[in-house]
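Listed here are the chains, written in short residue letters.
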Amino acid sequence: MKVYLNGKLVDKKDAKISVFDHGYLYGDGVFEGIRAYNQLIFKLKEHLDRLYESAHSIMLQFPFTKKQMEKAIIKTIKANKLKDAYIRVILSRGEGDLGLDPRKCKGNHTLVIIADKISLFPNKLYKEGMEIITVPTVRNLLEAVNPQIKSLNYLNNVLAKIEAINSGHQEGLMLDHLGYVAECTGENIFVVKKGELYTPPQCMGTLRGITRDTVLDIAKKLKIPAHEHVLSRHEFYISDESFLTGTAAEIVPVVKVDGRKIGNGKPGKVTEKIMKEFHKLTKKNGVKYTL
Ligand SMILES: *Cc1c(COP(=O)(O)O)cnc(C)c1O
């Protein structure tokens, strides 16, 4: 495997960074997860826009233009001869000293691009649906670390994931500080009630997921009414269907929350329709590259 590290493609075993990198010391950096399907990079513009917005928000000056980034991403995928890929772009503050002061990093950003294969969950879950559980760790406060920033500081989500795993679940449902549903540990969440779609609004400590936005577009196309609306756990329990969305996870049906069956306990009709349409979209749209 070839990894892009600060402008060069190097072997995986040589893709090493400094122990003084503030991305390592403090989680001081930003990232994106992007997918390519059949030599088409899905929603690349949206991912790059969000990456630059995350960097801007933490006052990290991006070393390249978006066009240069696009080229670097394509170069990395091609070097690994991948028709389908999961691409991770990571920009950290770079090497500094042991202090927190970001000025010590002097703009030595570390830029890494990894193109690989990923399957987040077993295939079976996509067919039969997933059981999730509400976890004690609350999603980061807007006024602390805004969940809109896709930052390397991911401990909030890691703690939630540990809690889900400790209770024998694959995913954990995270609430905000008021007890409303925010999102799962790395995926957005939807419910279907009486044929209409609901997902928590961005202001509820929910990352504005690109897959989430894609699902909202699909709903419009399929004439399924969709709402961004606050949701409590109760509304979750009494919904007819539910599913998770994320670039790595794609769309995963949810069939049980906190031991409560959702609908008839099987992936729902609306969910399946949306999943089908999503896979159709990913096959036809994106930034093309040739191997
Ligand atoms: C990346 C991410 C998502 C999913 O967003 P996509 O743009 O669909 O990949 C959801 N929640 C969190 C916390 C994330 O980091």
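Residues numbered from 1 in each chain as written. Predicted model: local features only at pLDDT ≥ 70, side-chain atom pairs only at ≥ 80, totals over all residues. Heavy atoms only, no water.

Considering the pairing of strand E10 (residues 188-193)
Across the 6 residues that make up E10, a large majority, 5, are buried. Judged from the 5 bridges that link them, E10 and strand E13 (residues 241-246) form a sheet pairing that is antiparallel. Within E13, the position partnered with Val192 by the bridge is Glu241. Taking the residues between adjacent antiparallel strands as the criterion, E10 and strand E11 (residues 196-199) are bridged by 2 residues, where Lys194 takes a positive phi near 50 degrees. (Buried < 20%, exposed > 50% of the residue type's maximum accessible area, 1.4 Å probe, protein only. Helix = DSSP H or I, 4+ residues; strand = E, 2+ residues; numbered from the N terminus. Pairing = 2+ DSSP bridges.)

Some words on the domain arrangement of the protein chain
Split into domains, the protein chain comes out as domain 1 (2-116) and domain 2 (123-281). Computed from C-alpha coordinates alone, the two centres of domain 1 and domain 2 are separated by 26 Å. Opposite the 24 residues of domain 1 that make contact, domain 2 presents 18 residues. Summing both sides of the interface, domain 1 and domain 2 together bury roughly 1600 Å²; the carbon and sulfur share of this comes to 64%. Per-residue buried area on domain 1 facing domain 2 is highest for Phe31, Phe42 and Arg50; these three make up 36% of the total on that side. At the boundary of domain 1 and domain 2, one finds 0 salt bridges. Along the contact surface separating domain 1 from domain 2 lie 8 residue pairs in polar contact (both at pLDDT 80 or more). Elements with a contribution of two residues or more to the side of domain 1 that touches domain 2: helix H1 (22-26), strand E3 (29-37), helix H2 (44-57) and strand E5 (85-92). (Domains from an automatic or database assignment. Contact = heavy atoms within 4.5 Å. Buried area = accessible area lost by both parts, 1.4 Å probe. Salt bridge = Lys/Arg side-chain N within 4 Å of Asp/Glu carboxyl O. Polar contact = N/O pair within 3.5 Å; in protein donor to acceptor, adjacent residues only side chain to side chain.)

Topic: the pattern of salt bridges
Close approach of charged atoms allows side chains of opposite charge to pair. Evaluation of the coordinates by the stated rule reveals 19 salt bridges. Residue Arg103 pairs with Asp101 through a salt bridge whose shortest N-O separation is 2.9 Å. Classification of Arg103 as exposed rests on a relative accessible area of 66%. Accessibility expressed as a relative area gives 24% for Asp101, which makes it partly exposed. Residue Lys124 pairs with Glu128 through a salt bridge whose shortest N-O separation is 3.7 Å. In this pair, Lys124 and Glu128 are both assigned in helix H4 (residues 123-128), 4 residues apart and thus about one turn of the helix distant. Taking relative accessible area as the criterion, Lys124 reaches 55% and is therefore assigned exposed. Residue Glu128 is classed as partly exposed on the basis of its relative accessible area, which comes to 47%. Among the charged side chains, a network of salt bridges with common partners joins Lys2, Asp11, Lys13 and Asp14.

Overview of the site of the ligand
Around the ligand there are 16 residues in total, and Lys150, Tyr154, Glu183, Thr211 and Thr247 lie nearest to it. Within the contact set of the ligand, an oxygen atom lies 2.6 Å away from a side-chain nitrogen or oxygen of Tyr154. One nitrogen or oxygen atom from the side chain of Thr211 is found 2.6 Å from an oxygen atom belonging to the ligand. In the complex, 95% of the free accessible area of the ligand, which totals 390 Å², lies under the protein chains. Tallied by class, the residues present in the shell around the ligand amount to 3 nonpolar, 8 polar and 5 charged. (Near = heavy atom within 4 Å. Areas by Shrake-Rupley, 256 points an atom, 1.4 Å probe, with all protein chains shown as cover. Nonpolar A, V, L, I, M, F, W, Y, C, P; charged D, E, K, R; others polar.)

A short note on the packing of aromatic side chains
Inspection of every chain in the model, using the stated rule, returns 5 aromatic pairs. A centroid spacing of 5.6 Å and a plane angle of 80 degrees characterise the contact between Phe31 and Tyr154, whose relative ring orientation is edge-to-face. Taken as a pair, Phe31 in strand E3 and Tyr154 in the loop between strand E7 (130-134) and helix H5 (155-166) lie far apart in primary sequence, 123 residues in all. Take Tyr154: its relative accessible area is 29%, and that puts it in the partly exposed class. Seen in terms of ring centroids, Phe190 and Phe243 are 4.9 Å apart; in terms of plane orientation they differ by 10 degrees. Their pairing is stacked. You can see Phe190 sitting in strand E10 and its partner Phe243 sitting in strand E13, a full 53 residues away along the chain. In textbook terms, an aromatic cluster arises when at least three aromatic residues are bridged by ring pairs, as seen for Tyr37, Phe42 and Phe278. (Phe/Tyr/Trp six-rings, centres within 6.5 Å; stacked < 30°, edge-to-face > 60°.)

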